[in-house]
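# Structure at a glance
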Amino acid sequence: MFSVLCLCLTSAEAQGNRRGLAVRKARVTHFTDSLKRSFSGRLNAMASESVKTSDDSDVSLSPYMYRLMGQGMYYSSTVKNNFTIGWDEDGADDESTTEAIRYREDVNDKVDDLLASAYISSPWIFKHYDSQFDGESLVSGPEDVRPATEQLDDILDNSSAIKDVTEIVGDLDVDLKVTKPNFWKTSGKFSMQFTQNYFSENWYKGGNNNGTMLSQLTLTANYNDQKRIQWDNSLDLRLGFVTTTSDSCHSFLTNNDKINLNSKVGVKASKSSWYYTFSMQAYTQFLPGYKSNDRKMYSAFVAPLDVNASVGMDYKPSLKKSGCSLSLALLPLSYKLRYIGSDDENIHSAYSMVDVDATHDFGSRLEYNHNFKLLSNLSWKTRLYYYTTYEYTEMEMENTFSFSFNKYISADFYTLWRFDDNRNPAYKDDNLGYFQFKEYLTLGLSYSF
């Protein structure tokens, strides 16, 4: 099956007398049988990782296994890879490494292991070393056949220039299916939670009947060409209602109302995890916002509408754990537009924009986002937003802990801290100042796609 086996038998027959010959032949026969089984087993294992041959044989040979088919020879690369003490960085993986290159390296490592075992157990089989044949053909055949290593190097070095597969395989019939890579990754999550409380009129502790509903839709579309460009897009929509019998002015109030659109384009800086980044964010709400037992409107759709455009650097390390991501964007140049598309004087007063419909500010901005998968069914998502014009500051910090009971039922614990000293001083709290806080705990239906 292999020329190495033939060399075993030839070298054995050239030794000593008949008795010694019989002993050596028996030893070589035992070794060649085990070597053959080992070769076949490993080749079959590697065959499952590559394309099967057209004749559907038991062993699908790879061109990278030519060292097993030639003369019994010591290869310097095998000795170096198996008998040299070195240090291999854990997890080192170049993003530019293709699947084909990783397969070639894996096959070469397995062939090196097999040859190294044979070098130790039966060194008499190998009577040559590769430097003896520098510049000469290592395969039998016509004189114009070049060494197999040179042929493989030519194919790999010129792979980008090959336009017709017949340049490599000649007249063989080849059926290829070319699939264009898709660098886009899209996802979405929809959830809806309900709570309800009812108290009889004679309930001894008193209380207000109420019901709440919260719905959320999150859509993402991210582009990553695995080399230089990353483009992250997300749309976060939330709308929730609460009903209370104690409110004489409204049948229900919104307790969560948000439209948040984010887009961020990054170009990789050298080989690091830093990206030159341009970021845009726009956010407003769906419905008018009121307070309990108060008919004044404090916010509405595009009242206000905030739009941020920023330039800076984004640190996005590659995390090994699946489902985890981290991003820290430092954006020293940031422009902010605040627009109020309503004539309501109370809204203008709440945002200190009595005589204008729009304001334009320049400052600096910081964005931090992470999504960690703590357990298989527990995740922790954080968003930190900080913006300052060096005259006023806006800051928001969201934390969401999501626990999935199964594919359709989940629970969310959500907290939001907000600071904004650009508001009318009348909205400054005696205890919290310009800090604001909100939290909720929900249980309900969810679906990811």
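Residues numbered from 1 in each chain as written. Predicted model: local features only at pLDDT ≥ 70, side-chain atom pairs only at ≥ 80, totals over all residues. Heavy atoms only, no water.

Under the counting rule described, the total for this entry stands at 14 salt bridges. Each of the salt bridges in this network shares a partner with another, and the network as a whole consists of D236, R238, K258, R383, E396, E398, R418 and D420. (Salt bridge = Lys/Arg side-chain N within 4 Å of Asp/Glu carboxyl O.)

Quick look at a nonpolar patch on the surface now. Taken together, the side chains of F190, L219, F403, F405, Y408, I409, L443, L445, Y447 and F449 make up a nonpolar region of the molecular surface, amounting to roughly 960 Å² of accessible area. Examined against the element boundaries, F405 turns out to sit in the loop between β12 (393-404) and β13 (409-420). (Patch = residues over 30% accessible without salt bridge, like charges linked within 9 Å, V, L, I, M, F, W, Y side chains within 5 Å. Areas by Shrake-Rupley, 256 points an atom, 1.4 Å probe, with all protein chains shown as cover. Helix = DSSP H or I, 4+ residues; strand = E, 2+ residues; numbered from the N terminus.)

On to the nonpolar core. General note: in soluble globular proteins, nonpolar side chains tend to be found buried as a group. Formed by L68, M73, Y75, Y103, V107, V111, L114, L115, A118, Y119, I125 and F126, the largest nonpolar core amounts to 12 residues. Sort the elements by how many residues they give to this core and helix α4 (residues 99-121) lands first, with seven residues. Look past the residues within four positions of L115 in its chain and what remains in contact with it is R67, L68, Y75 and T78. (Core = buried A, V, L, I, M, F, W, Y, C linked by side-chain atoms within 4.5 Å. Buried < 20%, exposed > 50% of the residue type's maximum accessible area, 1.4 Å probe, protein only. Contact = heavy atoms within 4.5 Å.)

One closed barrel accounts for 12 strands, arranged β3-β4-β5-β6-β7-β8-β9-β10-β11-β12-β13-β14; its pairing is antiparallel. Here the strands of the sheet are splayed against their neighbours by 20 degrees on average, with no regard to which way each runs. In terms of strand pairing, strand β3 (residues 184-197) meets strand β4 (residues 210-224) through 14 bridges, oriented antiparallel. Looking across to β4, one finds that K189 is bridged to T218. (Pairing = 2+ DSSP bridges. Axes fitted to C-alpha atoms, helices over the stretch in contact; angles between N-to-C directions.)

Right, let's talk about the packing of aromatic side chains for a bit. For the structure shown, the criterion picks out 18 aromatic pairs. Judged by centre distance (5.3 Å) and plane angle (85 degrees), the ring pair of F241 and F252 falls under edge-to-face. Pair noted here: F241 is in strand β5 (residues 229-244) and F252 is in the loop between β5 and β6 (253-268), with a separation of 11 residues, a long-range link. Summarising the aromatic geometry, the rings of F419 and Y434 are spaced 6.4 Å apart at their centres and angled 80 degrees between planes, so their arrangement reads as edge-to-face. Here the residue F419 occupies a position in strand β13, and Y434 occupies one in the loop between β13 and β14 (435-448), the gap between them amounting to 15 residues. When its relative accessible area of 19% is taken as the criterion, F419 is described as buried. (Phe/Tyr/Trp six-rings, centres within 6.5 Å; stacked < 30°, edge-to-face > 60°.)

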